[in-house]
Every structure is written in C-alpha cells, then in structure tokens.
Amino acid sequence: MRHVIVFGATSAIAAEVCARWATRGDRLHLVGRDPDKLAAVAARCAGADITTAAGDFTDLARAEALASEAVAALGGRVDVVLVAHGDLGDQQRSEHDVAEAARIVQTNFLSVIALLVPLANALERQRSGTLAVITSVAGERGRPRNYTYGAAKGALHVYLQGLRSRLYPAGVTVTTLKLGPVDTPMTVGHPKNALFATPQRAARDIDRALARRAVVAFVPWYWRPILFVVRHTPEPLFQRLGFLSGR
C-alpha cells in the first residue's frame, strides 16, 4: 500500500487518477480548493483509506503549511506526490491586463514551486519517493493562443529538470507529465478535435508513467513526436502555420 498525496485532486484528471489508486488500495490524502468537489472525489474513492484537506493553492504564504500538513496526515511517510492543479486563464485579457498575466503565472508556476520546495525537502530527507507534476505541452513553444499559460508551464519544465538532478542522489524520482489537450471542464470552451484525450485515458497514462518511474512522459504518448516537430519548426514557418500558432 502506497502513501499518496494529490494536490488539485478535484480536477477531472486527478479525480480519475485518485479513483484508480483507491481501487488498488493506496492510502490517499487529497487536497483541493473546493470542499464540495473534494468530498465528491473522496466518495468516488470509498473503501480506501482517505483523508482530505481544503486549501487555496494561490496563497503562497500558506503553501508550506499545506504541504507539511499533508505529509503529517500520512504519518510522515510519502511514496508518491501528484501536483495536478492549474488554470488556463484568459490569454487575450493577459495581453492587456498585468494582473491577469500575473495570476496565470502565479497559479501555474509560483504556486507549484511553493509546494515543491517543502515537498522536495521532505522526500530528500526520506531518501525515497516520487514527485509527479502535471504540466502542459503548451510549455514546449509559445503560441498566440496561450503563450502566457505556456510560459508558466515552460518555466515549470525547467524547474523540474533542475529539481530532478538535485534529488537523484537521494533516490527521489521527479516525473514531468506533459499533458496534451484533454476534454475536461478547463477546456469546455475550446473546439475539440481528434487529438483531445479523455480524462480516463490521461489518468491511465499518468498511472503507467509513474509505475515505470518515467522522468518525462507525454500524455498521451502521441504528443512526443508532434512536439518534436513543433519544437524544430523554423520560426518564420511556425508563424505562418495557422493550425499551430493561431488563436
């Protein structure tokens, strides 16, 4: 039985992951912003050993205590931490409103770092465990459609690279989960295409990535070759390709 903490447990994808792990018999501590949604996720995991805590991830001053309380709720032993919260924000508003741009960066980068600092220290002292963070393929290259969000995710990718190297000698795995578009409430206003995954598919792939102790996993897998092309497309051509760079 693994001891698992999930931050952002009320997201559609994290809820599916929690249900899978509960069925397996893991001990889960779930943290989310909405107490009612958190209770609903816990109900889906009925039968497993579950505790919950409500918390505002954008409250950076409270993040260390939130992380410490989560570790304590599991008796001080943690095998897996999944950080799954995030928010696309309003890209067009962020281009004219500094407050919206700052909110997107705080939610998708700074609030994650505020949790990872104490969590990484805890697992380093423990000399074991896995830190897994859901990021986004949007962090691979800036596009007009979501470049503020993508910039925050790109910064998170770099942070996780450094954290991975730092924690390697302590036997701690750091897994970057680069998520493609998923049909969830967060993308409800986005036109859907064949590349959109279901939350169930994303949860299955996340589970498999952690089982094999992957360092970087594209979810679903087909985003790896797609993003290889995106990263290596020359800038002038990239700007002209509307399906890659348009709003």
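Now for a look at the structure at hand. Given the structure is predicted, the values throughout are model-derived calculations rather than measurements.

Conventions adopted
- Residues numbered from 1 in each chain as written.
- Predicted model: local features only at pLDDT ≥ 70, side-chain atom pairs only at ≥ 80, totals over all residues.
- Heavy atoms only, no water.
- Helix = DSSP H or I, 4+ residues; strand = E, 2+ residues; numbered from the N terminus.
- Rg over C-alpha atoms; globule rule 2.2 N^0.38 Å.
- Buried < 20%, exposed > 50% of the residue type's maximum accessible area, 1.4 Å probe, protein only.
- Contact = heavy atoms within 4.5 Å.
- Areas by Shrake-Rupley, 256 points an atom, 1.4 Å probe, with all protein chains shown as cover.
- Lys, Arg positive; Asp, Glu negative; His and termini not counted.
- Charge placed at Lys NZ, Arg CZ, Asp CG, Glu CD.
- Core = buried A, V, L, I, M, F, W, Y, C linked by side-chain atoms within 4.5 Å.
- Pairing = 2+ DSSP bridges.
- Axes fitted to C-alpha atoms, helices over the stretch in contact; angles between N-to-C directions.
- Phe/Tyr/Trp six-rings, centres within 6.5 Å; stacked < 30°, edge-to-face > 60°.
- Lys NZ or Arg CZ within 6 Å of the ring centre and 35° of its normal.

**Let's talk about the overall build of the protein**
Counting its secondary structure elements, the protein contains 10 helices and seven strands. In terms of C-alpha radius of gyration, the protein reaches 18 Å, essentially the compact-globule figure of 18 Å for 247 residues. Projected onto its principal axes, the C-alpha positions of the protein cover 55 × 40 × 35 Å. A buried classification covers 51% of the 247 residues belonging to the protein. By sequence separation, contacts in the protein at least 24 residues apart represent 66% of the contacts at least 6 residues apart. Here the protein displays about 11,400 Å² of accessible surface, and carbon together with sulfur accounts for 57% of that area. Treating the 30 positive side-chain charges of the protein as one cloud and the 21 negative ones as another, the clouds have centres 8 Å apart.

**Digging into the nonpolar core**
If you look at the biggest cluster of nonpolar residues, it comprises 39 residues, and the most contacted ones within it are Val6, Trp21, Leu82 and Leu177. With seven residues, helix 1 (residues 12–24) is the largest single contributor of residues to this core. Among residues more than four places away in sequence, those in contact with tryptophan 21 are Arg2, Val4, Val6, Asp26, Leu28, Val80, Leu82, Asp207 and Leu210. Grouped together as the second largest cluster of nonpolar side chains are 32 residues, Phe57, Leu66, Leu74 and Ile113 included.

**Considerations on the sheet that holds strand 7 (residues 216–219)**
Taken in spatial order, the seven strands line up as 3-2-1-4-5-6-7 in an open sheet, and their pairing is parallel. Both outer strands of the open sheet, strand 3 (50–54) and strand 7, are each paired with one neighbouring strand and no more. Across the sheet, the mean angle separating the axes of adjacent strands is 15° when strand polarity is ignored. Across four bridges, strand 6 (residues 173–179) lies against strand 7 in parallel orientation. Looking across to strand 7, one finds that leucine 177 is bridged to alanine 217. Here helix 3 (residues 60–73) sits on the sheet in contact with strand 1 (3–7), strand 2 (27–32) and strand 3, set at roughly 150° to strand 1.

**Topic: the packing of aromatic side chains**
For the coordinates displayed, the defined rule picks out three aromatic pairs. Each ring, one from phenylalanine 7 and one from phenylalanine 57, has its centre 6.3 Å from the other, and the planes form 75°; the classification is edge-to-face. Taken together, the residues span a long stretch of sequence, with phenylalanine 7 in strand 1 and phenylalanine 57 in the loop between strand 3 and helix 3 at a distance of 50 residues. Given a relative accessible area of 0%, phenylalanine 7 falls into the buried group. By relative accessible area, which is 3% here, phenylalanine 57 ends up buried. Ring geometry for tyrosine 222 against tryptophan 223: centres 6.2 Å apart, planes inclined by 40°, an arrangement best described as tilted. In this structure tyrosine 222 comes out as buried when scored by relative accessible area, which is 17%. Taking relative accessible area as the criterion, tryptophan 223 reaches 9% and is therefore assigned buried. Every member of this aromatic cluster is reached through a ring pair, and the members are Trp221, Tyr222 and Trp223. Its end group placed over the ring of tryptophan 21, arginine 2 keeps NZ or CZ at 4.9 Å from the ring centre.

Keep in mind these values describe shape, not function.
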